[in-house]
Amino acid sequence: MKQILLTAGVLAVAALFAGVLVQSAPEPESGEVVLADRAAVIAQSCAACHGTEGRLVTAIPPIAGRPEAVLHAQLVAFKKDQMPGATVMPRLAKGFTDEELAALARYFSELPPE
Amino acid sequence: MKAIPGISRREALRLLGVVGAGSLLGAALPLKARSLGSARVVVVGGGFGGATAAKYLKRFAPSLDVTLVEPQRRFYTCPFTNLYLGGLRDFESLGHDYRQLTDHYGVTVVHERAEAVDTERKEIRLSGGAALSWDRLVLSPGIDFRWGELEGYDEAAAVKAPHAWKAGPQTMLLRRQLEAMPDGGTFILVAPDNPFRCPPGPYERVSMIAHYLRTEKPRSKILLLDAKDSFSKQGLFMEGWKENYGDLIEWVPRSSDGRVLRVDAGRLEVETEFGEIHRADVLNVVPPQKAGFIAERAGVADETGWVPVNPKTFESTRVPGIYVIGDATQAAPMPKSGFVANTQAKITARAIAADLAGKAPPDPKWANTCYSLIAPGWGITVAGVYDVHDGNLREVPDSGGVSPLGADRSFRAREATYAEAWYAGIAHDTWGTRPGA
């Protein structure tokens, strides 16, 4: 469902729907996942600091549901060492291709926030 | 029917009654004929690897029948035990339960020990005598010790000279010994050769104990006897030790006779390669290690004691259908860390779900970050991103690495803050623990 809505480009509706789903279902991601989804595969590593689906709020900021453009700009800035005050993220971002960073930004932007 | 403590009637029926039928079904029908929905996956070990694998198998394929086998009802993590030893955290804050896995994700959790593996019948035997059958088996057994390989260091010796390299009574024993140590005493840590669980662990441990001693027993000394000439984040540790503790910590590398060959736990003495005898007031021996014993029982470990795996899926190269993740594996250049076990678990869960659905496994990519705390407000990291290249695991070129040397105090303080946040994040992702809960 997530992908159909996004193909239609209705990001706000997607966020709204996802939010409703969170209320009614235990997890937004029900049903078998699309196994070929590259972003979902590489995004799993992020959860080890940002919490499952990037939603945990700690000193490490949550990333779920943030605007795609913001996330993408931040990831690119990390990779280019252009993020003041950054610690570990520049070293991690350099391990991903530009396409993967773009896919990650989109993936997390589509997830409902905490 | 004999009741098994801690297992509900429904679980017990399933374990004792239906297992026979399940294994018959498994034997009678080729796997292709069984839908993804009825497939059974058994996961052994409820740490960072196993708990994450069980949770994500259900996330990726909710109709899978997933059973997690873990003796402890509450799991205490090795990461952050050093903060407990340094007096920065209480032990209970390192404990996590399985309620979210059972109640939220529908994982069946069996609190028993896995004792034996029958790879022909695809059954695992539990300490209570029951058997579980599987279509796919995931082993995340962590480490066991090579008792006796270091002369004089066996399970009895560990009662006097703790390893504290598995979180639990050993960790608390070491803390009590430190509390009882007189001011002016000597703490000795014996560090093993590679490979071993948590490469920065011994060095974070002496850092945290240095913090405790400087605060409570400032005339004491720390001696770190090492079987190696270099170690993880070495430059950062040495910089941090000098800045925070002066000459409190003395590191003796192998080439300066740091390698311990014999332990006398009764006398709290160790003897090095060239015959020097060091006496401790508190002696902490981190012994040589191997994969957790169930890996041997399953026939997946090789002569090194560790488990070779297919780099793309972490399926055993020796026994098809058995996947092994975490510290037990030969996964260099990935370190044996909780973070790596967590990320391996998710890639492997995906590969298993794909395999059961008759699809190819995804192209994997794993990340790791190991935080170490040198002092309160002084954190350091090593990070890495890994993929499969020409059939081998490798670190992605021009990525990863350690925190910069000579960084200012605010940089170290941020990494210390993020270390605490990382712990909350991975506990959330592995067991569903909420910060402060």
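1. Observations concerning the sheet that holds strand E13 (residues 249–252) of chain B
All names here are of chain B.
1) Next: Sheet architecture is open: four strands sit in the order E13-E12-E11-E17, paired in parallel fashion. With one partner strand each, in any of the chains shown, E13 and strand E17 (282–285) form the two edges of the open sheet. For this sheet, the mean angle separating the axes of adjacent strands, direction not counted, is 15°.
2) Next: Taken together, the six bridges between strand E11 (residues 186–191) and strand E12 (residues 221–226) define a ladder with parallel strand orientation. Its bridge partner lying in E12, Leu-189 is registered against Leu-224.
3) Next: Sitting on the sheet, helix H6 (residues 169–180) touches E11 and E17, and the angle it makes with E17 is about 155°.
4) Next: Strands E11, E12, E13 and E17 of the sheet are contacted by helix H7 (residues 201–216), whose axis makes an angle of about 170° with E11.

2. Let's talk about the confidence of the model for chain A
Low pLDDT marks regions whose predicted coordinates should not be analysed in detail.
1) Next: Per-residue confidence for chain A gives a mean pLDDT of 77, with 68% of residues at or over 70.
2) Next: Of the regions scoring below 50 in pLDDT, residues 1–36 of chain A engages in 42 contacts with residues more than four places distant in sequence or in other chains.

3. Concerning the interface of chain A and chain B
1) Next: Counting residues at the interface gives 36 residues for chain A, matched by 55 residues for chain B.
2) Next: Taken together, the two surfaces of chain A and chain B that pack against each other cover about 3500 Å², and 57% of this comes from carbon and sulfur.
3) Next: Between chain A and chain B we count three salt bridges in total.
4) Next: Across the pair Arg-59 of chain B and Glu-53 of chain A runs a salt bridge whose closest N-O atoms are separated by 2.6 Å.
5) Next: Applying the counting criterion to the chain A and chain B interface returns 15 residue pairs in polar contact (both at pLDDT 80 or more).
6) Next: Every element with two or more residues in the side of chain A that touches chain B is listed here: helix H3 (38–43), helix H4 (47–50) and helix H6 (89–93) of chain A.
7) Next: Per-element tally for the side of chain A that touches chain B: the top contributor is H3 of chain A, with four residues.
8) Next: Grouping the constituent residues of the side of chain A that touches chain B by class yields 17 nonpolar, 10 polar and nine charged.

4. Quick word on the environment of Gly-432 of chain B
Residue and element names in this part refer to chain B.
1) Next: Among the structural elements, Gly-432 can be located in the segment after helix H11 (409–431).
2) Next: On the basis of relative accessible area, Gly-432 is assigned to the buried category, the value being 13%.
3) Next: With 146 residues separating them along the chain, Gly-432 and Val-286 place their C-alpha atoms 30 Å apart.
4) Next: Discounting residues that sit within four places of it in the chain, Gly-432 has contacts with Gln-100 and Ala-427.

5. Some details on the side chain of Arg-91 of chain A
1) Next: Secondary-structure assignment places Arg-91 of chain A in helix H6.
2) Next: At 3.3 Å, the side chain of Arg-91 of chain A forms a polar contact with the side chain of Glu-415 of chain B.
3) Next: If near-sequence neighbours (up to four positions away) are discounted, Arg-91 of chain A is found in contact with Thr-381, Val-382, Ala-383, Ser-399, Gly-400, Gly-401, Val-402, Ser-403 and Glu-415 of chain B.

6. Describing H7 of chain B
Side chains of residues three or four places apart in an α-helix project in the same direction, reflecting 3.6 residues per turn.
1) Next: Over its 16 residues, H7 of chain B extends 22 Å from the first C-alpha to the last, a length consistent with the 22 Å expected when each residue adds 1.5 Å.
2) Next: Counting buried positions along H7 of chain B gives 13 out of 16 residues, so the element sits mostly inside the fold.

7. Things to note about the packing of aromatic side chains
Residues and elements named next belong to chain B.
1) Next: Within this structure, the stated rule accounts for 19 aromatic pairs over all chains.
2) Next: Among the aromatic residues, ring-to-ring pairing joins Tyr-203, Phe-231, Phe-237, Trp-241 and Trp-251 into one connected group.
3) Next: A cation sits over an aromatic face here: Arg-89 above Tyr-423, 4.9 Å from the ring centre.
4) Next: Positioned above the aromatic ring of Trp-306, the side-chain terminus of Lys-336 is 3.9 Å from the ring centre.

8. A look at the pattern of salt bridges
1) Next: Overall, the coordinates contain 29 salt bridges over all chains when judged by the stated rule.
2) Next: Notably, a salt bridge pairs Glu-100 of chain A with Lys-365 of chain B, separated by 2.6 Å at the nearest N-O pair. With Glu-100 of chain A in helix H7 (residues 98–109) and Lys-365 of chain B in strand E20 (residues 365–375), this residue pair bridges two chains.
3) Next: Using a relative accessible area of 7% as the deciding quantity, one classes Lys-365 of chain B as buried.
4) Next: The salt bridge partner of Arg-146 of chain B is Glu-149 of chain B, with a shortest N-O separation of 3.8 Å.
5) Next: Glu-149 of chain B sits in the exposed class, given a relative accessible area of 53%.
6) Next: Three or more residues joined by partner-sharing salt bridges are found here, namely Arg-38 and Glu-100 of chain A together with Lys-365 of chain B.

9. Quick look at H7 of chain A
1) Next: The terminal C-alpha atoms of H7 of chain A, which comprises 12 residues, lie 17 Å apart, in line with the 16 Å expected from a rise of 1.5 Å per residue.
2) Next: Every buried residue of H7 of chain A is accounted for by Glu-100, Leu-101, Leu-104, Ala-105, Tyr-107, Phe-108 and Ser-109 of chain A.
3) Next: On its buried face, H7 of chain A sits against H3, helix H5 (68–79) and H6 of chain A together with E20 of chain B.

10. Notes on the packing of H6 of chain B against H7 of chain B
Residues and elements named next belong to chain B.
1) Next: Two numbers describe how H6 lies on H7: the axes approach to 11 Å, and their chain directions differ by 35°. The handedness of the crossing between H6 and H7 is right-handed. Taken together, the residues of H7 that come into contact with H6 (itself represented by Leu-174, Arg-175, Leu-178 and Glu-179) are Arg-205, Ile-209 and Tyr-212.
2) Next: Counted by class, the contact of H6 with H7 contains four nonpolar, no polar and three charged residues.

11. Quick notes on the pairing of strand E6 (residues 114–118) of chain B
Residues and elements named next belong to chain B.
1) Next: In the sheet, E6 pairs with strand E7 (residues 123–126) via four bridges, with the strands oriented antiparallel. Counted as the bridge partner of Ala-114 is Leu-126 from E7.
2) Next: Once E6 ends, the chain turns through four residues before running back antiparallel as E7, passing Lys-122 with a positive phi of about 55°.

Criteria and cut-off values
Residues numbered from 1 in each chain as written. Chains lettered and ligands numbered in written order. Predicted model: local features only at pLDDT ≥ 70, side-chain atom pairs only at ≥ 80, totals over all residues. Heavy atoms only, no water. Pairing = 2+ DSSP bridges. Helix = DSSP H or I, 4+ residues; strand = E, 2+ residues; numbered from the N terminus. Axes fitted to C-alpha atoms, helices over the stretch in contact; angles between N-to-C directions. Contact = heavy atoms within 4.5 Å. pLDDT = per-residue confidence, 0-100. Buried area = accessible area lost by both parts, 1.4 Å probe. Salt bridge = Lys/Arg side-chain N within 4 Å of Asp/Glu carboxyl O. Polar contact = N/O pair within 3.5 Å; in protein donor to acceptor, adjacent residues only side chain to side chain. Nonpolar A, V, L, I, M, F, W, Y, C, P; charged D, E, K, R; others polar. Buried < 20%, exposed > 50% of the residue type's maximum accessible area, 1.4 Å probe, protein only. Expected span 1.5 Å × (residues − 1). Phe/Tyr/Trp six-rings, centres within 6.5 Å; stacked < 30°, edge-to-face > 60°. Lys NZ or Arg CZ within 6 Å of the ring centre and 35° of its normal. Left-handed = near helix turned anticlockwise from the far one by under 90°.

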